[in-house]
Structure formats: structure tokens, C-alpha cells
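Structural characterization, general
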Amino acid sequence: MIDRRIFTAAAFAFAFGVSALAFAAPAAAQTKWNLPAAYPIDNPHSENLIQFGKDVDAATGGKLAITVHPGASLFKAPEIKRAVQSGQAQMGEVLLSIHENEDPIFGIDVVPFLATSFPDAKKLYAASKAAVEKKLDSQGIKLLFMVPWAPQGVYTKKDINTIDDMKGIKWRSYNVGTARLGELLGMQSVTIQAAELPQALATGVVNSFMSSGGTGYDSKVWESLTHFYDTQAWIPKNATFVNKAAFNGLDKATQDAILKAAATAEERGWKMWEEKAGWYLEQLKAKGMKVQAPSPALADGFKKAGETLTADWLKKAGADGQAIVDAYKKM
């Protein structure tokens, strides 16, 4: 015959164990998010994102784990924003100007020669941030932070002394502005995102492009091209954002941890690029590239093309775009 006292004790122990596990489960639960990005793991943008993920992990005690997928390994650059909108990824980082075809505001930082230094780029960001946030919000996305690239210059395989020297070259474009510039200057424009650029250069699909010293370094551009003209045409920015529904589904403490880490990442990212912009140009020189300012004639040609591009942008952006530009110029 079973001793009733033994049965009761065993039942109590089992019930207590189940209760304890049920109580402990929420504390041990971990939310896992993906953050696709388009640039190599050793690019400052990717390094900054990885540190952002670590900061969130530390602040939440491991409650929210963010896995960064650099190098367009999860989604290609043009697909990242849509992936976040649709919930295929919870977060993402992308060069925002590649989506200028959706709304002109996404291309505000690539209006030629509007903001060509880091201090001016910060002012332009301050003037345009609310409009960018509003547009992303309407698409179900919450902007977390934005980080610049270095000023943009032109890579070529030959000496370029005037705009006429650029006619017919195979020009890599990556957004509306660079595609339009190629059209204006009589170049053969091909849309190539950063992850595919090394292959495009190696196979001769393109032999010229506009970008930062960082992209040239990442692409080992010296293996295919010979010149870099430091035109300082604009300073584009990458935006890191989160699916709004996913963010709203988090508890307040976790939301606050993300926002705090985002503010830190934005400040850190700007500092990283300000410090490293010159370093990248030195690396290009060390690899044998000719790094130089454009000739007066070439600079004048770019300026005139820039005026056309600026007029195009203002026409598309309308009164709202003009208001942002006016506010920026008053800062």
C-alpha cells in the first residue's frame, strides 16, 4: 500500500517545481532580432552597428539580442528597408538616398554641394530629421539614428581635367543623384550597390564612380582604378531604423535601452567617420592611387552639373524641400 504522506510530498514537490519553472521562464526568455546591413564587417558603419547591438544586450541584461548581418549577407541593400517594413527583419541599416525615388526627402543629403563638410552635414541633418522621421513613420518604420560617410569624390582609370573627359566612361550609380549625374555628363550609367562593386570593377562593368574613401578602400579600388578626385560633392548618410510594430511590442525599459544605445551609436558613428575620413585617403595614396583635388575646370563643371541636380531636387521636393534648405542655410 502506498504511503499517502510520500505521495502528498511528491505531488507538492512536483507542483512547486512546475510553478518555479513557470515563474522563471519569462526572466530567462530572450527576444532575438536581426539587423541586416549592406557594408563589410570592418567598415565603420558595421563596426558601429555591432557595438550598438552589444550596448542593447548589456542594457537589457541579454533580454534583447540583436544580430547584425553585414555585407548584404541577409538582404541586398535595396531590399533592406522593405524587409523591415514587412517585418522580415526587425531592424535594418541602409544608405537612405537609394530610396529617393520613394520620396525626395530621402535624397536631401545628396543635393550636390549643399553640405560638404561634417559640421554642415550635421546642420542639414538637424534641419531635415523631422521630415525624414515623419516619412519613415508613415511607412511603419521608426528612425533610430543616422551616421554619415566621408565626403564624396570621383574614382577613375585615367586623368580627368574637364567634364568632357568623362563622356563615355562606364559610371557606377547607386541612387537617383548619381544616375542623373551620369546622364548629364554623357556617361554610361550602371546601377551597382556597394556589395557588388568589387566584382563590377574587376570585370570592367564600370570603370568610374563617385563615393567616399571608405567605399574605395572596402572595394580595393586600387586593383582596378588609378585616380581619386576629392570633389567633396556631398556627405550621404546611412539610416538605422526599426519596424514600428516590433518596437511598440517591447516593454518600456527595453524601448528606452534601444533609444539610449541609438543616441550613443549616432554620436560614436559621426566621430568615427570624422576621424577616419583622412585615413582612408592616405590608404588610397599608400596603394599607389593619385589622390588629388579636381582642376578648376573640372570643379566648375561639377558645380554646374550640381546646380542642375539641385534644381531637379527642389522641383520634386516642392515647398517642403525648399523650407528645409532655407532652414539649413539659416543655421
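Anything mentioned here points back to the structure above.
This text gives an overview of the structure that appears in the document.

How each quantity is defined
Residues numbered from 1 in each chain as written. Predicted model: local features only at pLDDT ≥ 70, side-chain atom pairs only at ≥ 80, totals over all residues. Heavy atoms only, no water. Pairing = 2+ DSSP bridges. Helix = DSSP H or I, 4+ residues; strand = E, 2+ residues; numbered from the N terminus. Axes fitted to C-alpha atoms, helices over the stretch in contact; angles between N-to-C directions. Contact = heavy atoms within 4.5 Å. Parallel < 35°, antiparallel > 145°, perpendicular 65-115°, else oblique. Left-handed = near helix turned anticlockwise from the far one by under 90°. Buried < 20%, exposed > 50% of the residue type's maximum accessible area, 1.4 Å probe, protein only. Expected span 1.5 Å × (residues − 1). Bend = angle between axes of the 7 residues up to and from the residue.

What to know about the sheet that holds strand 10 (residues 237-243)
In spatial order, the strands read 3-10-4; together these 3 strands make up an open sheet with antiparallel pairing. Each edge of the sheet is formed by a strand with only one pairing partner; in this case those strands are strand 3 (91-95) and strand 4 (141-148). When the angles between neighbouring strand axes are averaged without regard to direction, this sheet yields 25°. Here strand 4 runs beside strand 10; their pairing, made up of 7 bridges, is antiparallel. Among the inter-strand pairings, Lys 142 is bridged to a residue of strand 10, identified as Val 242. Packing against the sheet, helix 4 (residues 118-138) makes contact with strand 4 and strand 10, and its axis sits at approximately 165° to strand 4. Along the sheet, helix 9 (residues 252-286) makes contact with strand 3, strand 4 and strand 10, crossing strand 4 at roughly 25°.

Regarding the packing of helix 4 against helix 9
Packing of helix 4 against helix 9 leaves a shortest axis separation of 11 Å and a crossing angle of 150°. Between helix 4 and helix 9, the angle falls in the class roughly antiparallel. Relative to helix 9, helix 4 is oriented so that their crossing is right-handed. Counted together, Phe 118, Ala 121, Lys 122 and Tyr 125 of helix 4 and Glu 266, Trp 270, Trp 273, Glu 274 and Ala 277 of helix 9 form the full contact between these two elements.

Observations concerning unusual backbone geometry
A positive phi angle, near 50°, is found at Lys 220, a position not held by glycine. Mapped onto the elements of the fold, Lys 220 is located in the loop between helix 7 (213-218) and strand 9 (227-229). Using a relative accessible area of 48% as the deciding quantity, one classes Lys 220 as partly exposed. At Gln 232, a residue that is not glycine, the phi angle is positive and equals roughly 50°. By the secondary structure assignment, Gln 232 is in the loop between strand 9 and strand 10. Judged by its relative accessible area of 34%, Gln 232 falls in the partly exposed class.

Observations concerning helix 9
Its 35 residues give helix 9 an end-to-end C-alpha distance of 50 Å, which sits within 8% of 51 Å, the value for a rise of 1.5 Å per residue. Its axis deflected by about 35° at Lys 276, helix 9 carries its strongest bend there. Taken from the residues just after helix 9, Gly 288 is the one with a positive phi, measuring 100°.

Focus on the pairing of strand 8 (residues 208-211)
Neither face of strand 8 is left uncovered, since the one carrying Ser 208 and Met 210 and the one carrying Phe 209 and Ser 211 both have all their residues buried. Relative to strand 8, strand 5 (residues 153-156) runs antiparallel, the two sharing 3 bridges. When the bridges of strand 8 are listed, Gly 153 appears paired with Ser 211.

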